[in-house]
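# Overview (structure and organization)
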Amino acid sequence: MIPSSFTYKKASSVSDALAMLKEHGDEATLLAGGHSLIPALKLRLNDYGYLIDISKISELKSIDDKGDHIEIGAGVTHGEIVDSALLQSKVPFFSEAADLIGDVQVRNMGTIGGSIAHADPAADWPALLLAADATINIHNGSSSRSVAAADFFQGLFHTAVEEGEMITSISVPVSANAKTKYIKFMQPASRFAIVGCAVNLEMSGGTISSAKVAYAGVSATPFRDSAVEATLAGKSLDDATIEAAGNAAADSASIMSDHFASESYRKQMAKVYTKRALKALA
Amino acid sequence: MSYIGKSVKRVEDKRFITGKGNYTDDIKLPNMTAGIFVRSPYAHAKIKSVDISAAESSPGVVKVFTGEDIAASGINGVPCGWQVNFKNGDTMKEPPHPLLVKDKVLHMGDAVAFIIAENYAQAKDAVEKVVVDYENLDAVTDPEEAAKGGAPLVHDDAPGNVCFDWELGDPKDEVAAALANSHHVTTLDLTNQRVVPNAIEPRSAIGHYEDAGDKFTLYTTSQNPHLTRLLLCAFVLGIPEHKVRVVAPDVGGGFGSKIFHYTEEAMVIWASREINRPIKWTAERSESFLTDAHGRDHKTHVQMGFDKDGKITALQSTTFANLGAYLSTFAPAVPTYLHGTLMQGLYTSPKINVDVTGVFTHTNAVDAYRGAGRPEATYQLERLMDLAALEMGMDPIELRKINFIPKFDGVNEPGYATRVALQYDSGDYHGVVDKALEMVGYEAFRKEQASLDNGKLLGIGFSTYIEACGIAPSAVVGALGARAGLFESAQVRVQPTGKVSVYSGSHSHGQGHETTFAQVVADRLGIPLEDVEIVHGDSEAVAFGMGTYGSRSLAVGGSAIVKSIDKVIEKGAKIAAHKLESRVEDLEYAEGKWTVKGTDKSISFGDVSLTAYVPHDYPADLEPGLDFSSFYDPANFTYPFGCHVAIVEVDKETGQVKLKRFIAVDDVGNIINPMIVEGQIHGGLAQGIGQALFEGTVYSDSGTLMNASFMDYSMPRADDLPNFEVDRTVTPCPHNPLGVKGAGEAGCIGSTPAVVNAVIDALWKGGHEVKDIQMPLISERVWNAMQNGSSN
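Residues numbered from 1 in each chain as written. Chains lettered and ligands numbered in written order. Predicted model: local features only at pLDDT ≥ 70, side-chain atom pairs only at ≥ 80, totals over all residues.

### With respect to the domain arrangement of chain A
Taken domain by domain, chain A comprises domain 1 (7-53), domain 2 (60-173) and domain 3 (178-281). The straight-line distance from the C-alpha centre of domain 1 of chain A to that of domain 3 of chain A is 35 Å. (Domains from an automatic or database assignment.)

Written as structure tokens, this is what we have:
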């Protein structure tokens with residue numbers, strides 16, 4: 001468990017980190033919490049000449065109330081999201097989800113930016129960002145751009161981030177009429193998601209005006225399920241609606257399989273967990 | 001001052017929990033190098049070529065050895081320590097297990113080269129520069145498949161991949177006839193899946209050759225340092241035993257996997273002489289997954305017959321036992337003498353036949369793992385009992401009680417001779433069951449179970465087990481094929497000031513010997529606990545040892561200590577009699593002093609000790625000194641037993657199993673330290689429950705171990721387990737001086753079937769009359785069983 005030798009560089013600011021990235025090109029990568037990167041290096045699955053440590057950059061570490069959205073710095077840890085009073089009250093499923101990630105040590109080191117940059121299909125954040133309709137803010141040293149979550153996650157460990165870019169923050173829209181929930185069927189060894197179900201319902205009185213339902217762990221790419229969302233839209237959250245929505249889940253998805261959960265079982269659990277998440281909001 | 005029976009805090013814990021332990025990997029020797037093995041990623045492949053030129057010129061590399069070097073050196077492979085013969089009397093197939101492979105790798109993780117560098121990072125870099133050209137071949141990993149005609153062969157000289165076939169008990173045709181005449185027959189096809197021991201400390205070994213004295217020192221993570229020395233010297237390297245010191249310092253858990261003599265130990269010793277420098281190798285966790293001897297892996301077909309009253313009529317058990325690609329030290333003993341002999345359980349079965357085929361596969365070696373054979377036997381019997389009760393509409397406890405061997409103490413009543421070669425020492429099987437049922441609140445539970453309506457199914461499962469510890473005596477195990485004795489040695493050295501050093505051949509790797517043994521010594525001698533020091537794990541300090549496994553340390557090693565203490569007291573009495581101007585017969589020894597009976601004339605243990613070493617005023621015919629060694633060879637095994645009860649909740653929609661309660665009443669004989677015994681039981685329960693619910697290897701068709709990391713191999717964790725409800729009864733062992741039986745494995749032996757039985761019971765209550773769900777009971781398997789009515 002010893003990585004190949006690399007040069008460690010500590011970045012003091014976003015522009016500093018991006019300058020280092022530019023200098024070293026594809027020989028370099030960013031180190032935040034290190035909970036995916038360091039094991040991969042130690043197992044020699046990855047090999048970089050330079051690690052640029054961005055974990056102490058203060059401008060990446062705040063959670064800010066911007067009125068109609070909350071901006072979460074890429075360097076905010078899962079633990080800080082668990083503890084954030086702002087997120088607990090305005091986007092409660094973010095705090096719920098963060099509390100289901102790993103263990104205390106992982107939550108205290110791992111960051112939301114690092115997790116989405118890695119884009120593990122069984123990680124929780126991609127489903128949350130999709131269901132929240134979040135925007136990922138990316139910088140390349142000279143300009144910044146924003147990418148909708150729906151366009152950000154492009155495949156297994158594959159995102160919209162290009163060489164020379166880094167994620168700086170995530171913008172999460174806030175609605176006073178939203179009801180949110182995240183629940184997870186955990187893989188018993190890693191405690192990553194076999195099924196993670198993120199639900200974000202925009203309510204109008206007793207009626208669901210619009211629904212966003214997204215899944216982690218089910219497909220190689222996290223996805224929103226338009227069939228489930230269509231079943232919910234315009235309905236009240238009663239038993240019949242919940243049953244119909246759950247039954248529609250994951251029907252058109254390409255589903256993963258492993259020794260803990262086959263394709264058919266995973267699909268069935270996506271349905272069960274959809275119902276359970278909705279029931280929790282009813 | 002009495003120490004026996006008290007929960008004295010473990011004296012070793014201060015160094016363990018403050019980071020002051022001294023483990024093999026902590027040892028740093030001057031001029032030491034780092035060794036790393038290049039291991040096969042394939043389960044079965046021809047080695048067409050090995051190119052080490054780039055590795056040899058890699059920075060810091062001292063030397064690279066390959067299978068060619070080992071073959072050219074004429075070193076033997078590591079030997080097997082137990083011989084099992086075929087039914088026809090032929091000797092088992094015993095293919096060589098070379099330190100490095102030259103022509104063909106036989107399992108994922110097989111070693112093809114050994115790289116020695118100035119440090120680990122450099123060795124690690126060099127590993128990536130070794131180019132091995134493999135020709136991949138078909139592999140077989142399942143023992144029953146491997147024994148079928150046409151399966152890929154592991155060894156050319158083991159046809160059908162069979163290492164041995166073996167049977168025990170009544171003739172098969174008699175058992176078949178009894179089954180045919182039975183009122184009811186319960187049948188199960190079981191897989192006792194392969195598990196990975198996963199001691200918290202990975203294996204490690206340091207070879208240190210000193211040319212000045214032509215001496216070797218091996219530091220190693222061993223439960224069994226003396227036997228490792230014997231095998232290393234006499235069978236592998238042919239080096240003189242008196243020139244070899246083996247030290248097993250603090251060892252962080254073993255669960256059996258550190259009993260065995262491994263190729264890596266021989267490699268660092270041999271290579272250390274070749275380069276004339278010390279070499280340390282420490283396994284990475286993924287290497288531990290691939291190369292620490294695994295446990296279990298039995299495919300079994302078993303049938304139990306009953307008469308109309310529920311009395312057992314017959315048992316036929318047929319097992320294909322996976323031994324892996326090479327024979328580990330005690331591998332052949334586990335599925336035979338440690339499994340077949342336990343197939344009567346606590347029951348008075350009239351006819352039993354146990355048939356076992358030991359099979360080679362393209363997998364890592366399988367050997368003793370906590371329980372070793374007894375869990376596999378218990379799993380069959382106890383699954384059969386609960387399933388038979390469901391099938392016959394009987395209460396599972398009633399069915400057992402009908403069949404229990406009646407209470408016997410082994411003193412006034414004789415031991416109980418089974419039909420499968422054992423003589424149980426003492427037992428009261430109703431006692432543990434009654435106590436457990438009281439703790440469960442059995443009647444109330446059955447009412448709750450019937451009325452539950454929350455989307456969950458509630459189930460209860462039982463296991464009433466017996467096991468055999470302290471395997472012995474040597475003459476018997478020798479007749480059964482052991483190539484070693486199974487005694488233990490202990491030296492009690494009384495220092496001139498009356499302080500006591502004890503040199504034990506047992507080896508603690510988490511069991512707390514430094515506390516328990518010291519309690520025995522302090523209690524017997526009537527001296528403070530702090531005056532006793534336990535030394536173990538160093539072949540140069542301890543005369544000889546057979547190590548720690550099979551829950552033998554206190555029953556065998558503790559008894560050896562008692563023998564030496566008795567000798568100390570006997571000689572001390574002669575010195576005391578001289579000093580007190582009395583006769584030995586007129587003295588009594590209590591509370592650390594000899595007293596002339598009926599008087600207040602006495603002399604303390606300390607004064608006698610000093611007199612023994614300063615013998616100015618001393619018996620004329622007595623040698624000075626107070627220092628005795630003993631070898632204790634037990635008369636029999638010991639037989640702990642118990643009743644374990646699991647209560648589970650099964651989620652109808654997902655198949656997820658939640659263990660709600662676990663009750664364990666164990667009888668491990670007399671108890672020296674209740675806290676340590678309870679800790680052993682707790683750990684055993686976690687491992688046994690782990691096998692039932694979480695653990696198990698997964699191999700691909702090509703023989704790749706798919707879950708060789710903690711990300712994919714599921715271990716039981718604290719939040720998976722309820723607070724264990726643990727109690728005991730005490731039925732002393734009649735044949736050892738402490739009356740102890742052994743507690744290390746009981747928890748792991750009894751618990752597994754109780755958990756699976758509880759899930760099966762829950763499913764039957766939900767209308768799913770399934771016979772079996774394959775372990776581990778991951779959610780999908782349970783869910784499938786509820787959909788299909790079976791596990792498949």
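### A few points about the pairing of strand β13 (residues 295-306) of chain B
Residue and element names in this part refer to chain B. Along β13, ten of the twelve residues are buried, which leaves the element largely enclosed by surrounding structure. Here strand β8 (residues 184-195) pairs with β13 via eleven bridges, running antiparallel. Among the inter-strand pairings, threonine 186 is bridged to a residue of β13, identified as methionine 304. What sits between the antiparallel neighbours β13 and strand β14 (residues 312-324) is a turn of five residues, in which glycine 310 has the positive phi angle 95°. (Buried ≥ 20, exposed ≤ 12 C-beta atoms within 10 Å, placed from the backbone. Helix = DSSP H or I, 4+ residues; strand = E, 2+ residues; numbered from the N terminus. Pairing = 2+ DSSP bridges.)

### Digging into helix α11 (residues 396-403) of chain B
Residues and elements named next belong to chain B. Among all positions in α11, only Pro396, Ile397, Leu399 and Arg400 are buried. With its buried residues spanning 160° around the axis, α11 presents them on a single face. Buried residues along α11 sit against α10 (374-392), α12 (429-440) and β18 (456-466). (Arc of directions from axis to C-beta. Contact = placed C-beta atoms within 7 Å.)

### A short note on the domain arrangement of chain B
Residues and elements named next belong to chain B. As assigned here, chain B comprises domain 1 (13-137 + 200-253 + 258-291), domain 2 (295-471 + 636-788) and domain 3 (487-632). Relative placement of domain 1 and domain 3: their C-alpha centres are 39 Å apart. Of the residues lining the interface, 16 residues belong to domain 1; the matching set on domain 3 comes to 14 residues. Contributing elements (two or more residues each) for the side of domain 1 that touches domain 3: α7 (225-237) and β11 (244-247). The biggest single contributor to the side of domain 1 that touches domain 3 is α7, with four residues. Residue composition of the side of domain 1 that touches domain 3, by class: eight nonpolar, five polar and three charged. (Nonpolar A, V, L, I, M, F, W, Y, C, P; charged D, E, K, R; others polar.)

### Concerning the pairing of β11 of chain B
Regular strands have side chains that alternate between both faces of the sheet. All names here are of chain B. Note that strand β10 (residues 215-220) and β11 share four bridges and pair parallel. Looking across to β11, one finds that tyrosine 219 is bridged to valine 247. With α7 bridging β10 and the parallel β11, this β-α-β connection has right-handed handedness. (Right-handed = clockwise from strand over helix to strand, strands pointing away.)

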